Amino acid sequence: MDQVSERTGHLVYVLEERTKEKWRLVSSQAFMRPVGGGIEWDVPLERIRPVD
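Residues numbered from 1 in each chain as written. Predicted model: local features only at pLDDT ≥ 70, side-chain atom pairs only at ≥ 80, totals over all residues. Heavy atoms only, no water.

Could you clarify how one ought to interpret the side chain of T19 in this entry?
Here T19 shows up in the loop between β1 (9-18) and β2 (25-34). Of note is the side chain of T19, whose polar atom sits 2.7 Å from the backbone oxygen of E21. Excluding residues within four positions of it along the chain, T19 makes contact with R24 and V26. (Helix = DSSP H or I, 4+ residues; strand = E, 2+ residues; numbered from the N terminus. Polar contact = N/O pair within 3.5 Å; in protein donor to acceptor, adjacent residues only side chain to side chain. Contact = heavy atoms within 4.5 Å.)

Set out below in structure tokens:
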């Protein structure tokens with residue numbers, strides 16, 4: 001679930017951007033797809049939480 005928009009979906013992919021030196025994490029982006037199909041959306045990974 002995207003905590004800001006309150007949209008729920010399946011986590012499809014996580015893209016992590018890292019620096020070349022020391023491999024530090026710069027950003028994480030999650031790609032979500034609505035339950036039952038539809039158009040994917042992307043959201044910062046830290047806004048995603050699991051639902052029961």
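Is there a simple way to think about the packing of aromatic side chains in this case?
Any two aromatic rings considered together are summarised by their centre-to-centre distance and by the angle between their planes. Scanning all chains against the criterion turns up one aromatic pair. With a centroid separation of 6.3 Å and an interplanar angle of 45 degrees, the aromatic rings of Y13 and F31 are classed as tilted. Residue Y13 is found in strand β1, and its partner F31 is found in strand β2; the two are separated by 18 residues along the sequence. For Y13, a relative accessible area of 48% corresponds to the partly exposed category. Residue classification places F31 among the partly exposed residues on the basis of a relative accessible area of 23%. Note that R7 overlies the ring of W41, its terminal NZ or CZ placed 3.8 Å from the centroid. (Phe/Tyr/Trp six-rings, centres within 6.5 Å; stacked < 30°, edge-to-face > 60°. Buried < 20%, exposed > 50% of the residue type's maximum accessible area, 1.4 Å probe, protein only. Lys NZ or Arg CZ within 6 Å of the ring centre and 35° of its normal.)

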